[in-house]
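Close look at the chain arrangement
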Amino acid sequence: MFEESIAIIHSIGLTFVKILPVTIALGAAFAILSFFWSCNSGRPWWRKRGLLTDLCYWFLIPLFARYLRIGLLIIGAAAVFGITTPEGLAEFYDDGHGPLAQLPMWSQAAIFLIASDLMMYWIHRIFHRPTMWKYHAVHHSSKDLDWISAARFHPVNIMLGSVATDVVLLLAGISPNVFVFLGPFTVAHSTFVHANLNWTLGRFKYVIATPVFHRWHHTALEEGGNTNFAGTFPLWDILFGTFRMPEGKLPDDYGVAAEQGVPTEIGGQLAYPFRQ
């Protein structure tokens, strides 16, 4: 038991060591970019309201998601395929399995990216329904939306969202090696769309999600809070009638209504859904 505890602590330490330089690099990059191309003038990101809450999520959510994903993959392999031994699990997941694992890695990465984005589009819409909104409201609670807000998610939202999507696609046979390519892209693009930037990318706004596209999603419901659900490809919003990018106008007000009573600190936010 002692050795396992040491291994877990060591793993947590390594995760923090990996996150720290990425955080510094992203913070510096978006500080420069938002100085020249900010969508909303005012506070720089390091003076934003709720920064301490965002930083807590930024370092804790990756740890939570990582160990939850591993646990669900073990349970999934046992329940669906009857694989329970450590050796069997390592062989099962190492390079994927079945027809999908035979495809070139770039093909697997493309399938994973497209399929996960479509799944997440519909999951995202479900979280905007009354019964699930109390979990997703945590993500929308940022009054000063910026790149560091990207990790502000309630654990239930993460479990039923990105983690569940990853587990389904890995169980379907795609190799975990796709995360070597998609992991950095996911972090970079998620922070990019939350950044305080006025970028629409012109005609490419129909190809890939941009900061202005996603910032409309974080406005009040009557402004656009029930539009632009796609994480990566706006195509889903175009196809299903939820695309919103008003010409010549930028969003400027974010967060949830005060009467919803979402706390500002992480402890209160984690408990918030269970008090509703």
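Conventions used here
Residues numbered from 1 in each chain as written. Predicted model: local features only at pLDDT ≥ 70, side-chain atom pairs only at ≥ 80, totals over all residues. Heavy atoms only, no water. Salt bridge = Lys/Arg side-chain N within 4 Å of Asp/Glu carboxyl O. Helix = DSSP H or I, 4+ residues; strand = E, 2+ residues; numbered from the N terminus. Buried < 20%, exposed > 50% of the residue type's maximum accessible area, 1.4 Å probe, protein only. Phe/Tyr/Trp six-rings, centres within 6.5 Å; stacked < 30°, edge-to-face > 60°. Lys NZ or Arg CZ within 6 Å of the ring centre and 35° of its normal. Patch = residues over 30% accessible without salt bridge, like charges linked within 9 Å, V, L, I, M, F, W, Y side chains within 5 Å. Areas by Shrake-Rupley, 256 points an atom, 1.4 Å probe, with all protein chains shown as cover. Contact = heavy atoms within 4.5 Å. Core = buried A, V, L, I, M, F, W, Y, C linked by side-chain atoms within 4.5 Å. Axes fitted to C-alpha atoms, helices over the stretch in contact; angles between N-to-C directions. Parallel < 35°, antiparallel > 145°, perpendicular 65-115°, else oblique. Left-handed = near helix turned anticlockwise from the far one by under 90°. Nonpolar A, V, L, I, M, F, W, Y, C, P; charged D, E, K, R; others polar.

Under the definition given, this model contains seven salt bridges. Measuring nitrogen to oxygen at the nearest pair gives 3.1 Å for the salt bridge that ties Asp166 to Arg69. Of this pair, Asp166 sits in helix H7 (residues 155–171) while Arg69 sits in helix H2 (residues 51–81), and the two are 97 residues apart along the sequence. On the basis of relative accessible area, Arg69 is assigned to the partly exposed category, the value being 21%. One salt bridge in this structure joins Glu247 and Lys205, with 3.5 Å as the shortest N-O distance. Here Lys205 lies in the loop between helix H8 (178–194) and helix H9 (211–217) and Glu247 lies in the loop between helix H11 (235–239) and helix H12 (266–271), a separation of 42 residues in the sequence.

Taken as a whole and judged by the stated rule, the model has 19 aromatic pairs. Taken together, a centroid distance of 5.1 Å and an interplanar angle of 85 degrees make the contact between Phe35 and Phe36 edge-to-face. Phe36 sits in the exposed class, given a relative accessible area of 56%. With a centroid separation of 5.3 Å and 75 degrees between ring planes, the pair formed by Phe112 and Phe179 is classed as edge-to-face. Taken together, the residues span a long stretch of sequence, with Phe112 in helix H5 (residues 105–127) and Phe179 in helix H8 at a distance of 67 residues. Using a relative accessible area of 27% as the deciding quantity, one classes Phe179 as partly exposed. Among the aromatic side chains, those forming a connected cluster through ring pairs are Phe30, Trp45, Trp46, Trp58 and Trp147. Over the aromatic face of Tyr67 sits the side chain of Arg66, whose NZ or CZ is 5.6 Å from the ring centroid.

Let's shift gears to unusual backbone geometry. The general pattern is negative phi for most residues beyond glycine and trans for most peptide bonds. Unusually for a residue other than glycine, Leu201 sits at a positive phi of about 65 degrees. Even without a glycine there, the phi angle at Asn228 is positive, about 55 degrees. Assignment of secondary structure puts Asn228 in the loop between helix H10 (221–225) and H11.

Where nonpolar side chains cluster on the molecular surface, the patch consists of Leu201, Phe204, Tyr206, Val207 and Ile238 and spans about 480 Å² of accessible area. Assignment of secondary structure puts Ile238 in helix H11. A relative accessible area of 40% places Ile238 in the partly exposed class.

All right, on to the environment of Thr210 then. Within the secondary structure, Thr210 sits in the loop between H8 and H9. With a relative accessible area of 0%, Thr210 lands in the buried category. Taking the C-alpha atoms as reference points, Thr210 and Val193, 17 residues apart in sequence, are found 5.2 Å from one another. When residues no more than four places from it in sequence are discounted, the contact partners of Thr210 are Phe192, Val193, Trp199, Thr200, Leu201, Lys205 and Met245.

Counting residues in hydrophobic clusters, the biggest one holds 42 residues, and the most contacted among them are Phe30, Trp58, Tyr93 and Trp147. Among the secondary structure elements, those contributing two or more residues to this core are helix H1 (2–37), H2, helix H3 (86–94), H7, H8 and H9. Beyond its immediate stretch of four places on either side in the chain, Phe30 contacts Trp147, Thr191, Phe192, Ala195 and Leu197. In terms of nonpolar packing, the next biggest core, distinct from the first, is built from seven residues, Phe112, Leu169, Val178 and Leu182 among them.

Direction vectors running N to C along H2 and H7 enclose 45 degrees, while the axes themselves pass 9 Å from each other. Taken together, H2 and H7 sit at an angle that is classed as oblique. In the packing of H2 onto H7, the handedness of the crossing is right-handed. Contact residues: Ile61, Phe64, Ala65, Leu68, Arg69, Leu72, Leu73, Gly76, Ala77 and Phe81 in H2; Pro155, Ile158, Met159, Val163, Asp166, Val167, Leu170 and Leu171 in H7. For the contact of H2 with H7, the class distribution of residues is 15 nonpolar, one polar and two charged.

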